[in-house]
Amino acid sequence: MFQFFDAVSAIFQTFVNFIVGLYEMICNLLGIVFKGTLFLFALVPNLPPYCMSFIAVMLSIAILIQILNKGG
């Protein structure tokens, strides 16, 4: 009889651990994305002027590809 309740509690504990781990992973992912974005925005003003032109061209091309690709 007690083995049944142990099994039910183990299943419940596994489910709760999965939810907690999933929440921690999502929070960690969002933190990494936020830190990476801040790093990139902090990096851009420190680049030499000749690099800025290449970055502007690549960014413009990426935006155009995203806009033109929306139709299918």
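In the block above lies the structure referred to throughout.
Each chain carries its own residue numbering, running from 1 in the written order of its sequence. The predicted nature of this model means local features are confined to residues of pLDDT at least 70 and side-chain atom pairs, given and counted, to a pLDDT of 80 or more, with totals for whole chains, interfaces and linings taken over all residues. Only hydrogens and water are set aside when side-chain values are computed; all heavy atoms of the structure are taken into account.

**Student:** Even after reading the chapter, I still don't get a nonpolar patch on the surface, so can you show me in this structure?
**Tutor:** Grouping into patches uses exposed residues only, defined as over 30% relative accessible area, and leaves out salt-bridged ones; the cut-off is 9 Å for like charges and 5 Å for nonpolar side chains (Val, Leu, Ile, Met, Phe, Trp, Tyr). Each accessible area value is a Shrake-Rupley result obtained with a 1.4 Å probe; residue values ignore everything except the protein chains displayed when judging cover. Should a side-chain nitrogen of Lys or Arg be within 4 Å of a carboxyl oxygen of Asp or Glu, the pair is scored as a salt bridge. There is a patch of nonpolar side chains on the surface, built from Phe 12, Phe 15, Val 16, Phe 18, Ile 19, Val 20, Leu 22, Met 25, Ile 26 and Leu 30 and spanning about 980 Å² of accessible area. We count a stretch as a helix when DSSP gives it H or I for four or more residues in a row; a strand needs E for two or more, and each element gets its number in order from the N terminus. For Val 16, the location among the structural elements is in helix H1 (residues 2-43). Using a relative accessible area of 33% as the deciding quantity, one classes Val 16 as partly exposed. Burial classes: relative accessible area under 20% of the type maximum marks a residue as buried, over 50% as exposed, and values in between as partly exposed (1.4 Å probe, protein chains only).

**Student:** Explain the environment of Tyr 23 to me, please; I cannot follow it from the model alone.
**Tutor:** Locating Tyr 23 in the fold gives a position in helix H1. On the basis of relative accessible area, Tyr 23 is assigned to the exposed category, the value being 58%. Between the C-alpha atom of Tyr 23 and that of Ile 55, which follows or precedes it by 32 residues, the distance is 35 Å.

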